[in-house]
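Coordinate analysis (summary)
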Amino acid sequence: EVTSNFVFGLPKAELHVHLEGTLEPELKLSLAQKNQINIGFETIQDIRKTYNYNSLSSFLDVYYSGMSVLQTEGDFYRLAMEYFKKAKENNVRHVEAFFDPQAHLTRGINFDTFINGYYRACQDAKALNVDAHLIMCFLRDMPAQSANEVLLMAQHHREKILGVGLDSDEHHNPPLKFAYPFSNAIAQGYHTTMHADVDQVDSIEHIKQALEIINVERIDHGTNIVENDDLVDLVKKTQLGLTACPLSNKFISDDYKGKEILELLDQDIKISINSDDPAYFGGYISDNYLALAKNYELTVEDVIEFAKNSFKTSWISPVQKNIYL
Ligand code: ES4
Ligand code: ZN
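Residues numbered from 1 in each chain as written. Chains lettered and ligands numbered in written order. Predicted model: local features only at pLDDT ≥ 70, side-chain atom pairs only at ≥ 80, totals over all residues.

An unreviewed UniProt entry annotates the protein chain as Adenine deaminase originating from Companilactobacillus baiquanensis. We quote the UniProt Function (unreviewed entry) comment for the protein chain here in full: "Catalyzes the hydrolytic deamination of adenine to hypoxanthine. Plays an important role in the purine salvage pathway and in nitrogen catabolism." Here is the UniProt Sequence similarities (unreviewed entry) comment for the protein chain, exactly as written: "Belongs to the metallo-dependent hydrolases superfamily. Adenosine and AMP deaminases family. Adenine deaminase type 2 subfamily." (UniProt positions renumbered as here; feature names shortened; annotations may be inferred.)

Now the structure itself:
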């Protein structure tokens, strides 16, 4: 039987968490007051009432509007540090966390402000025994040219960033749109991943483009490959990682997608369990494991396999990886 103590205690890697999605209502309110920003709500309960979505776009509206409270380097540091403390409580030993530069640049925040805040938190996370790294995501509903500009800005901070990703609204924004910035990123030695959110229009076509044209190393979500035997074979052959997020799926598609996730695990796909936007979807990484355990009768072996996959498909060095496998 899979107990809460077992899941919390098991060493895990978190490969799919958006730092801006770890903004808890308490911190949102506190930063709003400090920075004198009117977010339209005055209590935690009122903020929580808005955490009610049934699609990717209705979620993204709440997610982006919440970020307005993040202003100073210290604010970004505090956001990331509070998440790393949560990671420690969940025995997350290794984190590759997303952040959204364009969501801050378009509000007039400098690249230096958020990257330095986030990176300083990554360094201080070492004291918690959490090995933390950053993945810079391009917003797919912005032009490719904007992604190119972000990549240029990031050159001054190259060593602070482990990889690049692609997130935000997927509709009419296929991977191919970002072929140029991604090939550029690969040439600069960044690791790569892309979102293929559950049940989006053209999911299968988007996953094909990500694998065959962009050559990504992982896919975030991507569980729709179960519909396509050729894709399952390809993902299996290439040992490519999929980062599933059951609590996120429950909000966005009204289904944890546990059946699909377990089917892929049983087919030996390197799929892991992650938290996506834990402040917005009702739980951190262990809660995601436990939601599946409770609703789909996970075995202890399944749980161990997910955790092993998280290290196997992480971007830590092979030597370091061996510690966990
Ligand atoms: C996201 Cl669930 C999800 N999908 C796409 N982009 C995102 N950014 C933050 N959460
Ligand atoms: Zn995500």
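Moving on, there is more to tell.
**Focus on the UniProt feature "binding site: Zn(2+)" (unreviewed entry) in the protein chain**
Residues given the UniProt feature "binding site: Zn(2+)" (unreviewed entry) here are His16, His18, His195 and Asp276. For this annotated set, covering 261 residues, all C-alpha atoms fall within 11.7 Å of each other, a compact arrangement in space. Mapped onto the fold, His16 is located in the loop between strand E1 (12-14) and helix H2 (25-35). What makes His16 buried here is the crowd of 31 C-beta atoms within 10 Å. His16 has contacts with Asp220, Thr243, Cys245, Asn274 and Asp276, leaving out every residue within four places of it along the chain. Those residues in contact with His18, other than ones at most four positions away along the chain, are Phe98, Asp276 and Asp277. (Helix = DSSP H or I, 4+ residues; strand = E, 2+ residues; numbered from the N terminus. Buried ≥ 20, exposed ≤ 12 C-beta atoms within 10 Å, placed from the backbone. Contact = placed C-beta atoms within 7 Å.)

**Some details on the UniProt feature "site: Important for catalytic activity" (unreviewed entry) in the protein chain**
In the UniProt entry, the feature "site: Important for catalytic activity" (unreviewed entry) is given for His221. Here His221 is to be found in strand E6 (residues 218-221). If we skip the residues at most four places from it in the chain, His221 touches His195, Ala196, Asp197, Val198, Thr243, Ala244 and Cys245.

**Description of the site of ligand 1**
Around ligand 1, the neighbouring residues are His18, Gly21, Leu56, Tyr63, Asp167, Ser168, His195, Asp197, Ser248, Asp276 and Asp277. Residue composition of the shell around ligand 1, grouped by class: two nonpolar, five polar and four charged. (Near = placed C-beta within 6 Å. Nonpolar A, V, L, I, M, F, W, Y, C, P; charged D, E, K, R; others polar.)

**Concerning the pairing of strand E7 (residues 241-244)**
Of the two faces of E7, both are covered, the one formed by Gly241 and Thr243 as well as the one formed by Leu242 and Ala244. Of the pairings in the sheet, the one linking E6 to E7 comprises three bridges and is parallel in character. Bridge pairing in E7 places Asp220 opposite Thr243. The pairing of E7 with strand E8 (residues 270-273) spans four bridges and is parallel. Residue pairing for E8: Thr243 is matched across the bridge by Ser272. (Pairing = 2+ DSSP bridges.)

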